[in-house]
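# Notes for the structure review
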Amino acid sequence: NMATRPLIAGNWKMNGTGAGIEELARLKTLLEEAGTVESDIVVCPPATLIHRAAQTVEGGPIRIGGQDCHSSVNGAHTGDISAAMLLDAGASHVILGHSERRADHGETDSIVRSKCEAALSGGLIPIVCVGETETERGEGNANQVVAEQLRGSLPEHFGNTPIVVAYEPIWAIGTGKTATPADIEEMHGHIRELLIERFGRSGEAARLLYGGSVKSDNAGTILSTPNVNGALVGGASLKANDFFSIIVAA
Ligand code: PEP
């Protein structure tokens, strides 16, 4: 945990127009004023803002990510966006398999895996999301569900691209509920074991983000939990001050 530089990623979801760029500019200024940054920082705005966002953060520590990409390089896929397009617009990362995409767009593990392969060949760093529902946890199946999602959603090889997995219990997303530190520690330990089994040293080095109602007041505790190497932040990433205080807590 200590050796791994944390990654704090913000997911704006379907929020933000041009005016939202001001928050990003403000975040950049806050980070500049704070001096050295101990974490990697990625902000994932809607695709329409990626280019402007990338221009806004230029020269600073913030990097930009997409929230999804298509599994194909190009072609007849109206409304979709390829990894190459995200890269071209200025993104370095892409969130894949977010529970909202799995729910709203029927993304299965195998679809997420194809997207992940496309992201890797396109030169993006995927942030692959997994997480159980409240019912699955209640029935004692959380570990099994997450193991299955990881098995199906991650490609065979990451090459030289670092592995980033976000554990986001669905019942904790946007609800104000967070998993207990003990639950997070247990799940992240479980994920770590699975990644080491499958990817060896890259699994050891993988960054495991926690996501689900991370706010400035719980970020310190969550980010100091063993095998937690960062956070994926939804609501609290929209305001520069809130997101900045989470970054500082890391
Ligand atoms: C998310 O969308 O990935 C998320 C964790 O949202 P929130 O922080 O708002 O719960």
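Residues numbered from 1 in each chain as written. Predicted model: local features only at pLDDT ≥ 70, side-chain atom pairs only at ≥ 80, totals over all residues.

## Regarding the overall build of the protein
Within the protein one finds eleven helices and eight strands. In terms of principal-axis extent, the alpha carbons of the protein reach across some 45 × 45 × 35 Å. Here the protein, with 250 residues, has 46% of them falling under the buried criterion. Considering only intrachain contacts with a sequence separation of at least 6, the fraction spanning at least 24 residues in the protein is 73%. (Helix = DSSP H or I, 4+ residues; strand = E, 2+ residues; numbered from the N terminus. Buried ≥ 20, exposed ≤ 12 C-beta atoms within 10 Å, placed from the backbone. Contact = placed C-beta atoms within 7 Å.)

## Describing unusual backbone geometry
The backbone phi angle of S213 is positive, close to 55 degrees, even though this residue is not glycine. Relative to the assigned elements, S213 resides in the loop between β7 (207–211) and α10 (216–223). Residue S213 is classed as buried on the basis of its C-beta count, with 21 C-beta atoms lying within 10 Å.

## Regarding the UniProt feature "binding site: substrate" (unreviewed entry) in the protein
Mapped onto the present numbering, the UniProt feature "binding site: substrate" (unreviewed entry) falls on N11, W12, K13, G174, S213, G234 and G235. Spatial clustering of the annotated residues is evident: they stretch over 225 residues in sequence, but the largest pairwise C-alpha distance comes to 13.9 Å. Not counting residues within four places of it along the chain, the set of residues in contact with S213 comprises A172, T175, G176, K177 and T178. For G234, a count of 21 C-beta atoms within 10 Å translates into the label buried. (UniProt positions renumbered as here; feature names shortened; annotations may be inferred.)

## Some details on the pairing of strand β3 (residues 62–66)
Counting buried residues in β3 gives five out of five residues, a clear majority hidden from the surface. Burial of β3 is two-sided: the residues I62, I64 and G66 facing one way and the residues R63 and G65 facing the other way are all buried. Two strands pair when backbone bridges link them, and strand β2 (residues 40–44) and β3 are joined in this way by three bridges, in the parallel orientation. Residue pairing for β3: V42 is matched across the bridge by R63. You can see the chain leave β2, run along helix α2 (residues 50–57) and come back into β3, and the turn it takes is right-handed. Here two bridges tie β3 to strand β4 (residues 93–96), and the two strands are oriented parallel to one another. In the strand pairing of β4, G66 is matched with V94. A crossover connection joins β3 to the parallel β4 through helix α3 (residues 83–89); in handedness this β-α-β unit is right-handed. (Pairing = 2+ DSSP bridges. Right-handed = clockwise from strand over helix to strand, strands pointing away.)

## A look at the packing of helix α1 (residues 21–34) against α2
Relative to each other, α1 and α2 sit at 25 degrees, their axes nearing to 9 Å. Put simply, α1 runs roughly parallel to α2. The element α1 and its partner α2 pack so that their crossing is right-handed. Seen from α1, the contacting residues are I21, L24, A25 and K28; seen from α2, they are R52, A53, T56 and V57. For the contact of α1 with α2, a count of residues per class yields five nonpolar, one polar and two charged. (Axes fitted to C-alpha atoms, helices over the stretch in contact; angles between N-to-C directions. Parallel < 35°, antiparallel > 145°, perpendicular 65-115°, else oblique. Left-handed = near helix turned anticlockwise from the far one by under 90°. Nonpolar A, V, L, I, M, F, W, Y, C, P; charged D, E, K, R; others polar.)

## Examining the packing of helix α5 (residues 109–121) against helix α7 (residues 142–153)
Axis angle and axis distance: for two packed helices, these are the angle between their axes and the distance between the axes, and together they describe the pair. Contact geometry for α5 and α7: axes closest at 7 Å, N-to-C directions at 45 degrees. It follows from the interaxial angle that α5 and α7 lie oblique. Within the contact between the two elements, α5 uses D109, S110, V112, R113 and C116 and α7 uses Q149, G152 and S153. Its residues assigned to classes, the contact of α5 with α7 comprises two nonpolar, four polar and two charged.

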